[in-house]
Amino acid sequence: MKKAISVFVATLLVLIVLLPAAADVIYLYPSETLQKDVMHFTAHRGLSDLAPENTLPAYRLAGEYGFWGAECDISQTADGVWVLMHDKTVDRMTDGEGLVSDLTYEEVSALTVDAGNNVEQFPGTKVPTLTEYLDVCMEYGLHPVIEIKEAVDVNSLPDLAAILSAREEKDRFVIISWGRELIAGIKALLPETPAYLINSPCTADDVAFCVENGIDGLDTAYTVTESVMRQAQEAGLKLMAWTVDSVTWAERLAAWGITDITTNCLVPGCEPVTEPSTEPSTEPSTEPSTEPSTEPSTEPSTEPSTEPATEPITEPSAEPSTQPSGGSGVNVLQRIIDWFRHIFSIISGWFRR
């Protein structure tokens, strides 16, 4: 027993040491399995490995790094304003305290985000509104993936539907929720908008509920088994998987036909996107390759991207990875870190929902 406890403690210590060092994005070089033109990578609460979750900096980074979509969590203030916050309270992420539903928007807007990855690099960051988030997604060509938190009152769904249906980019939205009544309610109000029931584990009952209520699919934990996944697909449901921070699992899910993946850190390309320049670039080439490029590009970028980039350009503030993270070129150290991330995800997954 003592030996088992010692091994467990030692494993935790290794995780504590290795994970901060690995807490950076993992570039997914083009591989036979992870084809960017097939896969849809969604940044979990924005690119939350590089900026505090559910903040505008995290969503701007998601756009700059070429993600297909950006997921957010929405709740409603006491006076009916939709804001981004994962928890029921503002305690964990801000310098305030209390339930989101008990605070007015004026009170929430006065708070400052003081937690999250690299928070010191984004001083003065505020809790964004749903509209501000949608504006950033539109600016970068991101698909908004909107999670309605279970604390939301189902009677407020008509207000949410009115906001979303009035948007110019309404055909790009995806709505997800753990709440069955919530996801069925919003689907009834917005029948053309894809709606997914979040679940873990995926069960036959979940499949039946989605079929009976016209829900488009399931947004399930990445540890879904192939047999259950096949059952959902045979019922005509689409599948999304969260939160996939392991290259190994991303490849496995892609091989099973799950092409919509939510992640904290897997970047769908070789290098991040930057602002357009009129001067010749001295940064590495943006041509897709199965091996990291060592030749500099001489072509300038003159037009800003409005869609998720397929040939990203190096951002000065981010160093590109020197090792490929997908396909057969993954080195041993990356695989070790990858599996530690997998173990850590299992342990912490319930706390990050």
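Since the model is a prediction, treat every value here as computed from it, not as a measurement. (Residues numbered from 1 in each chain as written. Predicted model: local features only at pLDDT ≥ 70, side-chain atom pairs only at ≥ 80, totals over all residues. Heavy atoms only, no water.)

A. Seen up close, helix α8 (residues 226–234). By the burial criterion, the buried members of α8 are Val228, Met229 and Ala232. For α8, the angular spread of the buried residues around the axis is 100 degrees, confining them to a single face. For α8, exposure combined with an orientation more than 90 degrees from the buried face picks out Ser227 and Glu234. Looking at the buried side of α8, the elements it contacts are α7 (204–213), β8 (217–221) and β9 (238–242). A positive phi of about 85 degrees marks Gly236, the residue just after α8. (Buried < 20%, exposed > 50% of the residue type's maximum accessible area, 1.4 Å probe, protein only. Helix = DSSP H or I, 4+ residues; strand = E, 2+ residues; numbered from the N terminus. Arc of directions from axis to C-beta. Contact = heavy atoms within 4.5 Å.)

B. Molecular detail of the environment of Glu120. Note that Glu120 resides in the loop between α3 (105–109) and α4 (130–140). Along the backbone, Glu120 and Ala51 are 69 residues apart, and their C-alpha atoms lie at a distance of 9.3 Å.

C. Up close: the packing of helix α6 (residues 180–189) against α7. Viewed as axis vectors pointing N to C, α6 and α7 meet at an angle of 25 degrees, and their least axial separation amounts to 11 Å. For the element pair α6 / α7, the angle class is roughly parallel. Judged by the sense of rotation from one axis to the other, the crossing of α6 with α7 is right-handed. Here α6 contributes Arg180, Ile183 and Ala184 to the contact with α7, which in turn contributes Asp205, Asp206, Phe209 and Asn213. Residues of the contact of α6 with α7, tallied by class, amount to three nonpolar, one polar and three charged. (Axes fitted to C-alpha atoms, helices over the stretch in contact; angles between N-to-C directions. Parallel < 35°, antiparallel > 145°, perpendicular 65-115°, else oblique. Left-handed = near helix turned anticlockwise from the far one by under 90°. Nonpolar A, V, L, I, M, F, W, Y, C, P; charged D, E, K, R; others polar.)

D. Seen up close, the confidence of the model for the protein. Across the protein, the average pLDDT comes to 79, with 68% of residues at 70 or higher. Counting contacts from residues 348–353, a segment whose pLDDT is below 50, to residues more than four positions away or on other chains yields eleven contacts. (pLDDT = per-residue confidence, 0-100.)

E. Highlighting the pairing of strand β5 (residues 143–148). Of all six residues that make up β5, six are buried, and the element is covered over most of its length. Bridge count for β5 against strand β6 (residues 174–177) is three bridges, and the pairing is parallel. Bridge pairing links Ile146 to Ile175 in β6. A crossover links β5 with its parallel partner β6, the connecting element being helix α5 (residues 157–165), and its sense is right-handed. (Pairing = 2+ DSSP bridges. Right-handed = clockwise from strand over helix to strand, strands pointing away.)

F. Representation of the environment of Thr131. Tracing the sequence through the fold places Thr131 in helix α4. Sequence spacing of Thr131 and Arg167 is 36 residues, and the spatial spacing of their C-alpha atoms is 9.5 Å.

G. Quick look at the pattern of salt bridges. Throughout the structure, instances matching the rule amount to twelve salt bridges. Put simply, Asp205 and Arg180 hold a salt bridge, and the shortest N to O gap is 2.8 Å. Note that Asp205 is positioned in helix α7 and Arg180 in helix α6, a separation of 25 residues in sequence. A residue is classified by how much of its surface remains accessible, and Asp205, at 47% relative accessible area, is partly exposed. Across the salt bridge formed by Arg180 and Asp206, the nearest N and O atoms sit 2.9 Å from each other. (Salt bridge = Lys/Arg side-chain N within 4 Å of Asp/Glu carboxyl O.)

H. Representation of the packing of aromatic side chains in the model. Summed over the entire model, instances satisfying the criterion amount to three aromatic pairs. A centroid spacing of 5.3 Å and a plane angle of 80 degrees characterise the contact between Tyr222 and Trp249, whose relative ring orientation is edge-to-face. Linking Tyr222 in the loop between β8 and α8 with Trp249 in helix α9 (residues 247–255), this pair joins segments that are 27 residues apart in sequence. With respect to burial, Tyr222 and Trp249 carry one shared label: buried. Over the ring of Trp249 we find Arg252, and its NZ or CZ is 4.6 Å from the ring centre. (Phe/Tyr/Trp six-rings, centres within 6.5 Å; stacked < 30°, edge-to-face > 60°. Lys NZ or Arg CZ within 6 Å of the ring centre and 35° of its normal.)

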